[in-house]
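Chain by chain, the residues:
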Amino acid sequence: MSRIHVLAPGQLTTVQDLGRPGWQRYGVTPGGALDAWALRLANALVGNAEGAAGLELTLTGPTLRFLAEALIAVTGADFQVTVNDRRLPAWRPVRLAAGTEVVLGAALAGCRGYLAVAGGFAVPRVLGGRGTHLAAGFGGLNGRALRTGDVLKNGPPSAWARRLAAALAVPGAFSFPRWEISAEARPPPGAAPAIRVVRGPQWDWFDAGAREQFLRERFTVSARSDRMGLRLEGPALAGAERPEMLSEGVATGTIQVPPDGRPIVLLADRQTIGGYPKIAQAASVDLSALAQVRPGDTVGFEEVTVAAAQELWRAAERQIATVRHGIAAHAA
């Protein structure tokens, strides 16, 4: 294992993986990276299993010193990543020489970036996952965001990562190959197209005017949004009186409407049950887009069928499989 020193923590930097499913019946949310697509591709670029633990950066990233040679990749939002005031490319593997300091500055577009290191970040598994659960205070690095002075460790790189790092071993603080993940496989961060949704269990509790308003309006992301959910501001959804309901299960992407009529889109650190009516459910394929909107951005919603949402997900999985095969072909 090699050591990585945290010289500055960034606004909110946590260790995340793809979550810890299977514990909701005990009140433990799955958690994990909000933009799972970006984390999966970052891990692919450094030869890790797609669920290896990486760093999730929010709006402003950390400054890190790598004490030993490392292979890293940065994906997701468009962060200003520099070494010695030279810009590091994103969406491709980068070999760092021992002692290199990497500054992950502000996000120019989008909200959340991901940094993967060959071997993954070596933190203990808790309930089957390595990700940070901020509300419960477990997982990741002591259950919290990074702080100045923290020391992280990465595990042993894969044979593929070692071959690629050897091929990139040239003098200088960093080096990288000419190839990268194509733009088609990485939608522009910060773009806010209509989020595709299917009807929620309480869709019919809202009158026709409220449903039409939900699909017509664009809502502004509140500064009170966090990893638990996006709070949306704008005209309240009007509707008929709604019956009181018992709390029931919710999922990542569930869109609840509290009594004030302003929707909340639940994200990875959401609660496991909720008692607000659920007007819609975001399609899984668009969860990454939701992870990249920032306070002040606007979002809208577009209804699709369950079958269409499923096909969109299958197409996305085919695309990521193609990208992973292409990456694996390098340094083979």
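In this text the structure is predicted, and so the values were computed from the model without any measurement. (Residues numbered from 1 in each chain as written. Predicted model: local features only at pLDDT ≥ 70, side-chain atom pairs only at ≥ 80, totals over all residues. Heavy atoms only, no water.)

Draft legend 1. Seen up close, the overall build of the chain. Counting its regular elements, the chain contains 5 helices and 19 strands. Taking 20 Å as the expected radius of gyration for a compact globule of 332 residues, we find that the chain reaches 20 Å, a close match to that expectation. Across the 332 residues in the chain, those meeting the buried criterion constitute 50%. Carbon and sulfur atoms form 54% of the exposed surface of the chain, whose accessible area is close to 14200 Å². Where the 35 positive side-chain charges of the chain centre and where its 28 negative ones centre are 9 Å apart. (Helix = DSSP H or I, 4+ residues; strand = E, 2+ residues; numbered from the N terminus. Rg over C-alpha atoms; globule rule 2.2 N^0.38 Å. Buried < 20%, exposed > 50% of the residue type's maximum accessible area, 1.4 Å probe, protein only. Areas by Shrake-Rupley, 256 points an atom, 1.4 Å probe, with all protein chains shown as cover. Lys, Arg positive; Asp, Glu negative; His and termini not counted. Charge placed at Lys NZ, Arg CZ, Asp CG, Glu CD.)

Draft legend 2. Representation of the sheet that holds strand E15 (residues 254–256) within the structure. The 7 strands are arranged E11-E18-E15-E16-E13-E12-E19 in a closed barrel whose pairing can be described as mixed. On average, adjacent strands in this sheet sit at an angle of 40° to one another, irrespective of strand direction. Direction of pairing for strand E12 (residues 219–221) relative to strand E13 (residues 229–233): antiparallel, over a ladder of 2 bridges. Along E13, the bridge assignment pairs Thr-220 with Glu-233. Against the sheet, helix H3 (residues 208–216) contacts strand E11 (194–199), E12, E15, strand E18 (278–282) and strand E19 (298–303), and its axis sits at roughly 120° relative to E19. (Pairing = 2+ DSSP bridges. Axes fitted to C-alpha atoms, helices over the stretch in contact; angles between N-to-C directions. Contact = heavy atoms within 4.5 Å.)

Draft legend 3. Representation of unusual backbone geometry within the structure. At Trp-91, a position not held by glycine, the phi torsion is positive, near 60°. Looking at where Trp-91 falls in the secondary structure, it is placed in the loop between strand E6 (86–87) and strand E7 (94–96). One non-glycine residue with positive phi stands out, namely Leu-127, at about 55°. Relative to the helices and strands, Leu-127 resides in the loop between strand E8 (100–117) and strand E9 (151–154). Residue Leu-127 is classed as partly exposed on the basis of its relative accessible area, which comes to 33%.

Draft legend 4. The arrangement of the nonpolar core in detail. Among the nonpolar cores identified, the biggest contains 30 residues, and Phe-214, Leu-230, Leu-232, Ile-255, Ile-279, Leu-290 and Phe-301 are the most heavily contacted of them. Of all the secondary structure elements, the ones that give two or more residues to this core are helix H1 (36–45), E11, H3, E12, E13, E18, helix H4 (287–292) and E19. Those residues in contact with Ile-255 that lie beyond four places of it in its chain are Val-197, Phe-214, Pro-263, Ile-264, Val-265, Pro-277, Lys-278, Ile-279, Ala-280, Ala-282 and Phe-301. Counting residues in each nonpolar core, the second largest holds 29 residues, with Phe-66, Val-74, Phe-79 and Ala-107 among its members. (Core = buried A, V, L, I, M, F, W, Y, C linked by side-chain atoms within 4.5 Å.)

Draft legend 5. Spotlight on helix H2 (residues 159–167). Within H2, burial applies to Trp-160, Ala-161, Leu-164 and Ala-165. End-on view of H2: buried residues confined to an arc of 130°, all on one side of the axis. Exposed positions of H2 whose direction lies more than 90 degrees from the buried face are Ala-166 and Ala-167. (Arc of directions from axis to C-beta.)

Draft legend 6. Structural view of H1. Counting buried positions along H1 yields 9 of 10 residues, so the element is predominantly enclosed. Of all the positions in H1, only Trp-37, Ala-38, Leu-39, Arg-40, Leu-41, Ala-42, Asn-43, Ala-44 and Leu-45 are classed as buried. Gly-47 sits one or two residues past H1 and shows a positive phi near 80°.

Draft legend 7. Representation of the pattern of salt bridges in the model. Enumeration over the complete set of coordinates arrives at 17 salt bridges. A salt bridge links Glu-311 to Arg-318, with the nearest nitrogen and oxygen atoms 2.8 Å apart. The class of Glu-311 is partly exposed, set by a relative accessible area of 35%. Relative accessible area serves as the criterion here: at 46%, Arg-318 is assigned to the partly exposed category. (Salt bridge = Lys/Arg side-chain N within 4 Å of Asp/Glu carboxyl O.)

Draft legend 8. Representation of the pairing of E11 within the structure. Pairing geometry for E11 and E19, over 4 bridges, is parallel. By the bridge assignment for E19, Ile-195 is matched with Phe-301. Of the pairings in the sheet, the one linking E11 to E18 comprises 3 bridges and is antiparallel in character. Looking at the pairing, Arg-199 lines up with Ala-280 of E18.

Draft legend 9. Fine view of the packing of aromatic side chains. Per the stated rule, a full pass over the model turns up 4 aromatic pairs. Ring geometry for Phe-174 against Phe-176: centres 6.2 Å apart, planes inclined by 15°, an arrangement best described as stacked. Ring pairing ties together the aromatic residues Phe-214, Phe-219 and Phe-301, which thus form one cluster. (Phe/Tyr/Trp six-rings, centres within 6.5 Å; stacked < 30°, edge-to-face > 60°.)

Draft legend 10. Looking closely at the pairing of E9. Only one face of E9 is covered, namely the one carrying Leu-152 and Asn-154; the face carrying Val-151 and Lys-153 has none of its residues buried. Relative to E9, strand E1 (residues 2–8) runs antiparallel, the two sharing 4 bridges. Residue His-5 lies in a different strand from E9, and its bridge partner there is Val-151.

Draft legend 11. Region of the structure containing the packing of H1 against helix H5 (residues 306–329). Viewed as axis vectors pointing N to C, H1 and H5 meet at an angle of 15°, and their least axial separation amounts to 9 Å. One way to sum up the angle between H1 and H5 is to call them roughly parallel. In terms of crossing hand, the pair formed by H1 and H5 is right-handed. In contact with Trp-37, Arg-40, Leu-41, Ala-44 and Leu-45 of H1, H5 contributes Ala-316, Glu-317, Gln-319, Ile-320, Val-323, Arg-324 and Ile-327. Looking at side-chain class alone, the contact of H1 with H5 contains 8 nonpolar, 1 polar and 3 charged residues. (Parallel < 35°, antiparallel > 145°, perpendicular 65-115°, else oblique. Left-handed = near helix turned anticlockwise from the far one by under 90°. Nonpolar A, V, L, I, M, F, W, Y, C, P; charged D, E, K, R; others polar.)

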